[in-house]
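Given next are the chains, with one letter for each unit.
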Amino acid sequence: MKKITSLVLVLVLISCNNNEKMLLPKANKTIVKEVYDHSPIYLFFSVKGKDTLAELNRKNAIGTSNWIFNIDKRLPLKTVIPQLQFMKEKRKKGMHTNDKAEDYFSYADSIGKNLAFLPFTKVTYQFGMPDYGIFIVFTKKDAIVVINYFTKSAKTVTKSEIVNYLLTLESDKPNKFFFCHEKECSYEQFLRNSIFISEFKLQIPVYSITNEEFIF
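Within any chain, residue numbers begin from 1 and follow the written order of that chain's sequence. Where totals are concerned, whole chains, interfaces and linings use all residues; where local detail is concerned, this predicted model gives features only for residues with pLDDT of at least 70, and gives and counts side-chain atom pairs only at 80 or more. The side-chain values count all of the structure's non-hydrogen atoms but skip hydrogen atoms and water molecules.

Draft legend 1. Representation of the environment of Thr 210. Helix and strand definitions follow DSSP, with helices as H or I runs of at least four residues and strands as E runs of at least two, each counted in order from the N terminus. For Thr 210, the location among the structural elements is in strand β14 (residues 209-215). On the basis of relative accessible area, Thr 210 is assigned to the buried category, the value being 11%. Considered as a pair, Thr 210 and Ile 62 are 148 residues apart in the sequence and their alpha carbons are 28 Å apart. Whether two residues are in contact is decided by their heavy atoms: any pair within 4.5 Å suffices. In this structure, Thr 210 is in contact with Lys 176, Phe 177, Phe 178 and Lys 201, ignoring residues within four places of it in sequence. Residue exposure (1.4 Å probe, protein chains only): buried if accessible area is under 20% of the type maximum, exposed if over 50%, otherwise partly exposed.

Encoded structure:
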């Protein structure tokens, strides 16, 4: 996988087949630097009338390979999630499978100036809200709101204080934390928040975390 050598922080991908341009999201760190035996999947930004659409190009996706999702940062999350759900279902029902194949989001590391990847193989996305527990909601205003289903309370916290806040919540049984995203968030916001979530999970007891994420 080639490194980004340009000082331009917004990475532009060109699809050789249809010459469409794509703006990848940016983040300030690399989670995974190289992915081998992969095939690309594209979600292009498109506007038709007053509607913003996510146009899926999956014709180069090989079922037994690792999949790299190249998604335009301008897309609203509500248009991206249905396509992710569709592709995950295709992977699950495919005739030719590989249990070791992974799914990755691609993005540009604005510090290291390289192409980077975030695995999301085990994560499932669904529309709606959890039925119970503690909801960690990432909003389109770049805030984090923690909603306690049991006490019917909500508190806005920063990324630097959220771990300590969650670990001090009192409960008569172990708390369950659910990550949620407002559907109007941009894909770039979602990608950055997903990187934060991947690091956050390392600081919280495993029994408190679910791989389900909710969009509403």
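Next comes the rest of the description.
Draft legend 2. Quick peek at unusual backbone geometry. You will see that Asp 37, though not glycine, has its phi angle at about 50 degrees, which is positive. Within the secondary structure layout, Asp 37 lies in the loop between β3 (26-27) and β4 (38-48). Of the residues examined, Asp 37 reaches a relative accessible area of 57% and is grouped as exposed. Unusually for a residue other than glycine, Asp 142 sits at a positive phi of about 65 degrees. Turning to its location among the elements, Asp 142 is positioned in the loop between β10 (134-138) and β11 (144-148). Asp 142 gets classed as exposed once you look at its relative accessible area, which sits at 60%.

Draft legend 3. Region of interest: the side chain of Asp 72. Within the element layout of this structure, Asp 72 appears in the loop between β6 (66-71) and α1 (77-93). Among the polar contacts listed, one links the side chain of Asp 72 to the backbone nitrogen of Leu 23, at a separation of 3.1 Å. For Asp 72, the side chain forms a polar contact with the side chain of Arg 74, separated by 2.8 Å. Once residues within four sequence positions are removed from consideration, Asp 72 is found in contact with Lys 21, Met 22, Leu 23, Leu 43, Phe 45 and Tyr 187. Two N or O atoms count as a polar contact when they lie within 3.5 Å, although within protein this holds only if one can serve as hydrogen donor and the other as acceptor, and sequence-adjacent residues are included solely when both atoms are side-chain atoms.

Draft legend 4. The environment of Asn 60, seen in detail. Looking at the element boundaries, Asn 60 is found in the loop between β5 (51-57) and β6. Of the residues examined, Asn 60 reaches a relative accessible area of 36% and is grouped as partly exposed. Along the chain, Asn 60 and Ile 41 lie 19 residues apart, while their C-alpha atoms are 7.0 Å from each other.

Draft legend 5. Structural detail: the pattern of salt bridges. Salt bridges are counted wherever a side-chain nitrogen of Lys or Arg sits within 4 Å of a carboxyl oxygen of Asp or Glu. Summed over the entire model, instances satisfying the criterion amount to 9 salt bridges. Linking Lys 93 and Glu 89 is a salt bridge whose minimum nitrogen-to-oxygen distance equals 3.4 Å. Of the two residues, Lys 93 and Glu 89 are both situated in helix α1; the distance of 4 residues between them amounts to about one turn of the helix. Arg 192 serves as the salt-bridge partner of Glu 188, at 3.6 Å between the closest nitrogen and oxygen. Of the two residues, Glu 188 and Arg 192 are both situated in helix α3 (residues 187-200); the distance of 4 residues between them amounts to about one turn of the helix. Among the residues examined, Arg 192 registers a relative accessible area of 39% and is labelled partly exposed. When salt bridges with common partners are traced through the structure, they connect Lys 88, Arg 91 and Asp 103 into a single cluster.

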